[in-house]
Amino acid sequence: MVEFLTNPVVVTILLTIAGAGIVLELFTAKFGIAGLIGILALILFFYGHFQAGLAGFGTLILFVAGILLIFLEFFLPGAIAGTLGFTALLLSLFLAGQDALQMGVSILIAIAVSIFIFFLMIKTFGKRLVLFNKMVLSDSARKEDGYVSNINRTDLLGMEGRALTILRPSGTIVINNERVDAVTEGGFIEKNAQVKVVKVEGVRIVVREVQ
C-alpha cells in the first residue's frame, strides 16, 4: 500500500483529485462532498509518505494547519485564512515529497487541471464563485428597493406657478404653495411672473415664463 501511494503517477492523481475538490468547493456555499473527497485524497497522500518515512510530524502539523485554515475561510471575512492555508498545504507537499522535481511536476499538473476545471465551471456551466462573494459588495442601491441618490421631482413637470424671486437664471418659484428652487432656460424672469415647469433633471427644475 505504501509503495502504491508513493508512486509518482498515483501521487499526481491524488493531488489532482485534491485540487479539483478544492476548486469545486469555491462554487459551493458550504463544505460539501467535493471538498471531502479532496481532503481524503490529501490524507492518502500524506499517509503513504508518512508510512514510508518521507514525511515527519512537522509536515503533518503543517498539513493539518493548512486544512484548518482553509476550513476557517468559510466562516471568516477576507481571504487571509484561505491564502495561508493554501500556502501551508503547498509547503507541506514539497516537504513530504522524496524528489522535489517530481513533486513539482505533480503539483503543476494538479494546478493545471484545477485551473481548467475552474474556467470550465465559469464559462461552460455559468457557475459563480460563492466562497469569495463575501469579499465583494454585490448589492446595488436600486430605485426599486427604495434607494435614491436624490429626490426626482418629475411630478412638477408641466405644472405652473409663480416666480417668488427674480430668476437670473436661478431663483425660487412657488407651485401649489410649495417653494421650489428652479432655473430658467437661460434668460431672466421677473418676480411674480407666471412660469411653467418644462424640464426636470433630478433636482434641477427648469421653468419657462408663461406669456
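Above this text you will find the structure in question.
Attention in this report is confined to the structure presented alongside it. Note that the structure is a prediction, hence the values are computed from the model and not measured. (Residues numbered from 1 in each chain as written. Predicted model: local features only at pLDDT ≥ 70, side-chain atom pairs only at ≥ 80, totals over all residues. Heavy atoms only, no water.)

**Examining the sheet that holds strand E5 (residues 204-209)**
Right, on to step 1. The 5 strands lie next to each other as E1-E2-E3-E5-E4, forming a closed barrel whose pairing is mixed. Each strand axis lies, on average, 55° off the axis of its neighbour in the sheet, ignoring direction. (Pairing = 2+ DSSP bridges. Helix = DSSP H or I, 4+ residues; strand = E, 2+ residues; numbered from the N terminus. Axes fitted to C-alpha atoms, helices over the stretch in contact; angles between N-to-C directions.)

**Remarks on the environment of Lys-196**
Right, on to step 1. Position of Lys-196 relative to the elements: it lies in strand E4 (residues 194-201).
Right, on to step 2. With relative accessibility at 35%, the residue Lys-196 sits in the partly exposed group.
Right, on to step 3. The residues touching Lys-196, leaving out its near neighbours within four places in the chain, are Gly-158, Met-159, Glu-160, Val-206, Val-207, Arg-208 and Val-210. (Buried < 20%, exposed > 50% of the residue type's maximum accessible area, 1.4 Å probe, protein only. Contact = heavy atoms within 4.5 Å.)

**Considering the packing of helix H3 (residues 33-51) against helix H4 (residues 57-72)**
Right, on to step 1. Their axes nearest at 11 Å, the elements H3 and H4 cross at an angle of 175°. On the basis of the axis angle, H3 is roughly antiparallel to H4. Across the interface between the two elements, Ile-39, Leu-42, Ile-43, Phe-46 and Phe-50 from H3 touch Phe-57, Thr-59, Leu-60, Phe-63 and Ile-67 from H4.
Right, on to step 2. Here the residues of the contact of H3 with H4 are counted per class, giving 9 nonpolar, 1 polar and no charged. (Parallel < 35°, antiparallel > 145°, perpendicular 65-115°, else oblique. Nonpolar A, V, L, I, M, F, W, Y, C, P; charged D, E, K, R; others polar.)

**As for the environment of Ile-205**
Right, on to step 1. Within the secondary structure, Ile-205 sits in strand E5.
Right, on to step 2. Here the alpha-carbon distance between Ile-205 and Ala-182, two residues 23 residues apart in the chain, equals 4.7 Å.
Right, on to step 3. For Ile-205, the contacting residues outside a window of four places in its chain are Arg-153, Leu-156, Val-180, Asp-181, Ala-182, Val-183, Val-197, Lys-199 and Val-200.

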